[in-house]
Amino acid sequence: MTIPDLQAEPQAIVRLASETDFPGWREAARRLRARHVAPEAVIWTVDGAGNLLDAAGDTGAPSTFTVPRAFVELAGTVIRHRSDERFALLYRILCRLERETGLLAVKADPDVRKAHGFARAVAQAEHQMKAFTDFKRFAGADGGEVQVAWFEPAHRVTEAAAAFFVRRFANRRFSVLTPDVCAHWDTRELSFTPGADPADAPREDGLEDYWRSYCAAGFRPGQPARDRRNPPEARPIPQQIAHAEAPSPAMVGRTPSAPSPRAPPSGRLVRAAQRASRDASYDGQAVTTLEEVHAGVQMCRRCDLYRDATQGVSGEGPARARMMLVGEQPGDQEDLAGRPFVGPAGQMLDKALAAAGVPRDQTYVTNAVKHFKHELRGKKRIHKTPNAGEVTACRWWLENERRIVRPRVIVSLGATAALSVFGKPLAIGKMRQQALQLPDQAQGVVTYHPSYLLRLPDADAKAKAYALFVEDLKFAWSLAA
Ligand code: URA
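Residues numbered from 1 in each chain as written. Predicted model: local features only at pLDDT ≥ 70, side-chain atom pairs only at ≥ 80, totals over all residues. Heavy atoms only, no water.

(A) Fine view of the overall build of the protein. Helix and strand content of the protein: 16 helices and 15 strands. Taking all 481 residues of the protein together, 51% fall into the buried category. Counting contacts in the protein only where the partners sit at least 6 residues apart, residues at least 24 apart contribute 71% of the total. Accessible surface, the protein as shown: approximately 21,800 Å² in total, 52% of it carbon and sulfur. (Helix = DSSP H or I, 4+ residues; strand = E, 2+ residues; numbered from the N terminus. Buried < 20%, exposed > 50% of the residue type's maximum accessible area, 1.4 Å probe, protein only. Contact = heavy atoms within 4.5 Å. Areas by Shrake-Rupley, 256 points an atom, 1.4 Å probe, with all protein chains shown as cover.)

(B) Molecular detail of the pairing of strand E13 (residues 409-413). Counted residue by residue, E13 has five buried out of five residues, so it is predominantly covered. By the alternation rule, side chains of E13 split into Val409, Val411 and Leu413 and Ile410 and Ser412, which are all buried. With four bridges joining them, strand E9 (residues 323-327) and E13 adopt parallel strand pairing. What sits directly across from Leu325, in E13, is Val411. (Pairing = 2+ DSSP bridges.)

(C) Molecular detail of helix H1 (residues 22-34). Counted at 1.5 Å a residue, the expected span for H1 with its 13 residues is 18 Å, and the 18 Å between its end C-alpha atoms agrees. When we look at burial in H1, the residues that qualify are Phe22, Gly24, Trp25, Glu27, Ala28, Ala29, Arg31, Leu32 and Arg33. You can read the cap of H1 off the contacts: a side-chain oxygen lies 2.8 Å from the backbone nitrogen of Gly24, and it is on Asp21. Where H1 ends, the next residue or the one after it, His36, has phi of about 55 degrees, a positive value. (Expected span 1.5 Å × (residues − 1). Polar contact = N/O pair within 3.5 Å; in protein donor to acceptor, adjacent residues only side chain to side chain.)

(D) Quick peek at the site of the ligand. Close to the ligand lie Gly327, Glu328, Gln329, Pro330, Gly331, Glu334, Pro340, Phe341, Ala345, Asn367 and His449, which account for all nearby residues. A distance of 2.7 Å separates an oxygen atom of the ligand from a polar atom in the backbone of Glu328. Against a free-state accessible area of 230 Å², the protein chains account for coverage of 94% of the ligand. Along the lines of polarity and charge, the residues of the shell around the ligand split into four nonpolar, five polar and two charged. (Near = heavy atom within 4 Å. Nonpolar A, V, L, I, M, F, W, Y, C, P; charged D, E, K, R; others polar.)

(E) Molecular detail of unusual backbone geometry. Of note, the phi angle at Thr187 is positive, near 80 degrees, even though the residue is not glycine. Residue classification places Thr187 among the partly exposed positions, given a relative accessible area of 33%.

(F) The arrangement of the side chain of His374 in detail. As for its position among the elements, His374 is in strand E11 (residues 374-377). Residue class for His374 comes out buried when judged on its relative accessible area of 12%. A distance of 3.1 Å separates a polar atom in the side chain of His374 from the backbone oxygen of Phe372. In this structure, His374 is in contact with Asp308, Arg381, Ile382, His383 and Lys384, ignoring residues within four places of it in sequence.

Written out as structure tokens, the structure is:
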């Protein structure tokens, strides 16, 4: 097939409907390709009208040229970057892909590098919005409760973060106000209204007034979408109702409002780790430090569990610990705190470690799966056991942790951990109290998961299982010594 040369003329002006109008960009790009319009001949604008092409007469038939799926995914992310360059950059890459089919794999190419840099920045902004949006509870005009937050995302990630909040807080009404767009969930429908003015962005106590004036100007959460053209007045509500209820642990308190104790990873670490996390073809390029593991876990897309979790939770402890403890996955509290074993199972583990004479701070504590898998039951997030596919996908991170920490002994807490550590299912009751050789020179020990002890209803059975658990930890520590 011969590919015609691109024409620098005629010039085309593309008018997209919004800053994140990806369908519009795709359609325009297809038509421009059909007319062989060169990238430098296109002016990309956003005017809200969504007329795809202008000034060049014929809008052209869409091109039949198919692009790699990886490009479509990359473009869908890049378009949410704030750079004015993004539409043109993507169209330039698209045009080049027709001749340079392997272009996306050329990481040193300036266009490819820039697009990946944009995508990483967007992913990081999305993560930050999910983790740090701080909801406050107010009484809505109908007296019902509404959760409201103000957030200024680094890139245009509000729609994606709002979809996450919907999954996470399905049965709570909320509004997230941002300068780009405001998202509103009424427990049935997610709707968007124009951005709120950052010039008078609410500080500290000002959020409620700000939100009410925003409602008065045009939006009332819970109002059917068809009525929103005629904005109702926000009904002022008595101060005592507005302030009576402190944020409850049920939602607001459980929404991370402060960064987790770890500092956000530097751009360099994010770049290194994200290379490693996004694409299985990078499996050969293992990460080399625990900081990179931590940064990569935040960005990980190896399976879908990241979608509903607040953040990824990597391991913690000395980079050269003699003993590694591997649990199943972060629980509800670990998901919020960003640290492993800090909830009830963590307290049980701490107690048993102390009884076994094992200083936790000399061990490296981690999990087989780094995101919290759960389902919503009413207001509660109920733990769900990760499946074999999720364990396998996340094993890559555990293997990196093992390679970096190089523990002498790896203790698998429960069956999921054992599956990940040994790569096959093991019967915990039968295999405990044995030193099992692992290929990386470490000795493997299996024992019960602390949550199993917590769940045992019978006090006698619980005491016996706890004694065995302590015995196993002692045994593992003696091997490590
Ligand atoms: N359960 C686990 O397996 N890991 C944690 O971090 C917490 C609970």
